[in-house]
Amino acid sequence: MTALHRVPSLLTRASTASALTLAAVGGTIVAPGLTGDAQAATSHGTKALKVAASKKGSPYRYGAVGPNRFDCSGLTLYSFKRVGKKLPRTAQQQYNKTRKVSSANRTRGDLVFFHSGRSVYHVGIYAGKGKIWHAPKRGTVVRLEKIWTNQVWYGRVR
């Protein structure tokens, strides 16, 4: 076997070792051709999460879409709009528009939909560690809060 024929084999082993090293230290791998939609979606989600967090303390108002007052879906609509993503107006419509993800695959910036049966009644933006940024209800303000129920679905804005 010539040195030229061994190069792919050596590269494969080197890539595997690098991937294992990165995995051991909690790194990520960016591979050309494999980043695409998922990485772009999570990038938009992370930016939208920061927008929502910047609205901490803004009063809840039913039907409000910002920039100073919000209802739940108004906050998510506003946050994603600020990063160039368009969402429909209501929590149910937003659920219908997102790519569904499991709780095991949720990531910061995904939308968290609270439901009763098949009906979605509330939405927030996943902040990690079981918490969301949301505009809860009348008499409250935009805040970070622990997810209080298992009756949630997750969606990723495309």
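Residues numbered from 1 in each chain as written. Predicted model: local features only at pLDDT ≥ 70, side-chain atom pairs only at ≥ 80, totals over all residues. Heavy atoms only, no water.

S.K.: Describe the pattern of salt bridges, naming the residues involved and giving the relevant values.
M.R.: Under the criterion given, the structure shown has 3 salt bridges. Note that Arg156 is salt-bridged to Asp110, the shortest N-O span being 2.7 Å. Of this pair, Arg156 sits in strand S6 (residues 152–156) while Asp110 sits in the loop between strand S1 (99–101) and strand S2 (111–116); the two residues are 46 residues apart in sequence, bridging distant segments of the chain. There is no split in this pair, since Arg156 and Asp110 are both buried. With a closest N to O distance of 3.3 Å, Arg143 and Glu145 form a salt bridge. (Salt bridge = Lys/Arg side-chain N within 4 Å of Asp/Glu carboxyl O. Helix = DSSP H or I, 4+ residues; strand = E, 2+ residues; numbered from the N terminus. Buried < 20%, exposed > 50% of the residue type's maximum accessible area, 1.4 Å probe, protein only.)

S.K.: Could you give an account of the layout of surface pockets, with specific residues and numbers?
M.R.: Here the largest pocket is characterised by a volume of approximately 170 Å³. Along its surface, the largest pocket is lined by Tyr60, Tyr62, Gly63, Asp71, Cys72, Ser73, Arg89, Thr90, Ala91, Gln92, Val120 and Tyr121. When residues of the lining of the largest pocket are traced back to their parent elements, those giving at least two are helix H3 (72–81), helix H4 (91–97) and strand S3 (119–128). (1 Å grid on protein atoms, 1.4 Å probe; cavity = no way out; pocket = protein on both sides within 12 Å on 5 of 7 lines; lining within 4 Å. Points joined across faces, edges and corners; volume = space filled by probe spheres on them.)

S.K.: Kindly report on the sheet that holds strand S4 (residues 131–134), identifying the contributing residues and their values.
M.R.: Read from one edge of the open sheet, 6 strands run S1-S6-S2-S3-S4-S5, paired in antiparallel fashion. Each edge of the open sheet carries a strand with a single partner, namely S1 and strand S5 (143–146). Taken over all neighbouring pairs, the strand axes of this sheet differ in orientation by 45 degrees on average, direction set aside. Bridging between S1 and S6 involves 3 bridges; their strand directions are antiparallel. Opposite Arg99, over in S6, you have Arg156 as the bridge partner. The sheet contacts of H3 involve S2, S3 and S4, and relative to S3 the element is tilted by about 50 degrees. (Pairing = 2+ DSSP bridges. Axes fitted to C-alpha atoms, helices over the stretch in contact; angles between N-to-C directions. Contact = heavy atoms within 4.5 Å.)

S.K.: Describe the packing of aromatic side chains, with residues and values.
M.R.: Scanning all chains against the criterion turns up 5 aromatic pairs. Residues Tyr126 and Tyr154 carry aromatic rings whose centres are separated by 6.1 Å and whose planes lie at 85 degrees to one another, so their mutual orientation is edge-to-face. With Tyr126 in strand S3 and Tyr154 in strand S6, the pair connects residues that are 28 residues apart, well separated along the chain. Owing to a relative accessible area of 6%, Tyr154 belongs among the buried residues under this scheme. One aromatic cluster is present, built from ring pairs that chain together Tyr95, Phe113 and Trp153. Sitting over the ring of Tyr95, Lys100 keeps its end group 4.3 Å from the ring centre. (Phe/Tyr/Trp six-rings, centres within 6.5 Å; stacked < 30°, edge-to-face > 60°. Lys NZ or Arg CZ within 6 Å of the ring centre and 35° of its normal.)

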